[in-house]
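Residue-level structure breakdown
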Amino acid sequence: LKTSRCILGVEKGQDVHNTICKHGLEHDLVISNMLIVMNAKFGLLDIAQVVFLHVSDRSVVLGYTEFHNCDTVLDCYKYKKMQHVRISPSIINYICYLRSCGTKISINYGQEVHMEVVMKGFEKDHLIGSTFIDMYVKCGCLATTQKTFSTIMVSDIVSCNAFIRGYIDHGYVKEVFIIFEQLQD
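This structure is a prediction, so every number in the text was calculated from the model and none was measured.

**Overview of the confidence of the model for the protein**
On average, the protein scores 77 in pLDDT, and the residues at 70 or more come to 76%. Per-element mean pLDDT across the protein ranges from 54 in helix 1 (residues 2–8) up to 90 in helix 8 (residues 107–120).

Next up, the structure:
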């Protein structure tokens, strides 16, 4: 499957997919994940979603995010919530959900995902922290951005840049200099 994805192209990839289905191997978790990623990378998101819904796994969310298909990422999140699917999202899935919320300026889902991340104990992850900041900035919630920034465990260059960029994007240039001085301390 990796070879199909990288070298052989869409047609051969689909031939491999059909052969896997013919032999009943599409229900294997590892194989289904590879099918989801392969189809998503080919841009065949409908097929990736069909495989995803049959195996109820998480890889398709990353594929949709890579293709900036934010509506579908949020639909996957809503579907999982409505169906009470028992597969727990990974940190990467939460990052994808939060990025989509920021892109779609969907603060309600963003806050819901934020609460879920905290309940799972993932908020200490520095990538999650940076993604929170990015999402809140894009949604225009600068007070929440500042609160989140001050509570994340590790302030790295990514979170600092997201924080500062958000203030600049919203026209708070004077505040950026104050923030920059505070960050240097």
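**Quick word on the nonpolar core**
Judged by nonpolar contacts, the single largest core of 14 residues is most densely connected at Tyr94, Val113, Val117, Ile128, Phe132 and Met135. Elements with a minimum of two residues in this core: helix 6 (70–83), helix 7 (91–103), helix 8 and helix 9 (126–138).

**Description of the side chain of Thr131**
Inspection of the secondary structure puts Thr131 in helix 9. Judged by its relative accessible area of 7%, Thr131 is buried. In this view, Thr131 contacts Ile95, Leu98 and Arg99; residues no more than four positions away in its chain are not counted.

**With respect to the packing of helix 11 (residues 157–169) against helix 12 (residues 173–184)**
Relative placement of two packed helices is described by the angle separating their axes and the distance separating the axes. It is at 9 Å that the axes of helix 11 and helix 12 come closest, and there the two elements cross at 160°. One finds that helix 11 runs roughly antiparallel with respect to helix 12. Between helix 11 and helix 12 the crossing geometry is right-handed. Along its contact with helix 11, which presents Cys160, Phe163, Ile164, Tyr167 and Ile168, the element helix 12 presents Glu175, Val176, Ile179, Phe180 and Leu183.

**Concerning the environment of Ser130**
Within the element layout of this structure, Ser130 appears in helix 9. Take Ser130: its relative accessible area is 6%, and that puts it in the buried class. Between the C-alpha atom of Ser130 and that of Thr148, which follows or precedes it by 18 residues, the distance is 9.2 Å. Ignoring any residue separated from it by four or fewer positions in sequence, one finds Ser130 in contact with Asp156, Val158, Ser159 and Ala162.

**Some words on the packing of helix 9 against helix 10 (residues 142–151)**
It is the contact of helix 9 with helix 10, at a shortest axis distance of 8 Å, that shows an interaxial angle of 170°. Taken together, the axes of helix 9 and helix 10 are roughly antiparallel relative to one another. Residue-level inspection shows Phe132, Ile133, Tyr136 and Val137 of helix 9 in contact with helix 10, the latter providing Thr144, Thr145, Thr148 and Phe149.

The rules behind the values
- Residues numbered from 1 in each chain as written.
- Predicted model: local features only at pLDDT ≥ 70, side-chain atom pairs only at ≥ 80, totals over all residues.
- Heavy atoms only, no water.
- pLDDT = per-residue confidence, 0-100.
- Helix = DSSP H or I, 4+ residues; strand = E, 2+ residues; numbered from the N terminus.
- Core = buried A, V, L, I, M, F, W, Y, C linked by side-chain atoms within 4.5 Å.
- Buried < 20%, exposed > 50% of the residue type's maximum accessible area, 1.4 Å probe, protein only.
- Contact = heavy atoms within 4.5 Å.
- Axes fitted to C-alpha atoms, helices over the stretch in contact; angles between N-to-C directions.
- Parallel < 35°, antiparallel > 145°, perpendicular 65-115°, else oblique.
- Left-handed = near helix turned anticlockwise from the far one by under 90°.

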